[in-house]
Amino acid sequence: MASKAKQRDEMRDHYDFSGGVRGKYAARYAEGSNVIVLAPDVAEVFPDSVAVNEALRTLVRISAKTQRARPRGKKRGG
């Protein structure tokens, strides 16, 4: 029974990693990534990530210039 467990853990013969490069994407992975999936209707408006980023930067600039109304305190009956 131990031999069956060993067979499941071993790499199959048809996998060939002889041309692989160790750590090829390690630096990019270490930088991290943030994948965001857009809704189909939104994705139609933006051709690429550059357009999405520019739109978001514009929104951030506009919102920084806009003062938000603060809610007023409740009046106490008296």
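A brief look at the structure comes next. The shown structure was predicted, so the numbers you read here are calculated from the model rather than taken from an experiment.

For the rest of this paragraph, the subject is the layout of surface pockets. Of the volumes computed, that of the largest pocket is approximately 160 Å³. Per-element accounting of the lining of the largest pocket gives the leading share, 4 residues, to helix H4 (residues 49–65). Here the residues of the lining of the largest pocket are counted per class, giving 6 nonpolar, 2 polar and 1 charged.

This paragraph deals with the packing of aromatic side chains. Tallied over the full model, the rule gives 1 aromatic pair. Between Tyr15 and Phe17, the aromatic rings sit 6.5 Å apart at their centres with planes inclined by 25°, giving stacked as the arrangement.

What counts as what
- Residues numbered from 1 in each chain as written.
- Predicted model: local features only at pLDDT ≥ 70, side-chain atom pairs only at ≥ 80, totals over all residues.
- Heavy atoms only, no water.
- 1 Å grid on protein atoms, 1.4 Å probe; cavity = no way out; pocket = protein on both sides within 12 Å on 5 of 7 lines; lining within 4 Å.
- Points joined across faces, edges and corners; volume = space filled by probe spheres on them.
- Helix = DSSP H or I, 4+ residues; strand = E, 2+ residues; numbered from the N terminus.
- Nonpolar A, V, L, I, M, F, W, Y, C, P; charged D, E, K, R; others polar.
- Phe/Tyr/Trp six-rings, centres within 6.5 Å; stacked < 30°, edge-to-face > 60°.

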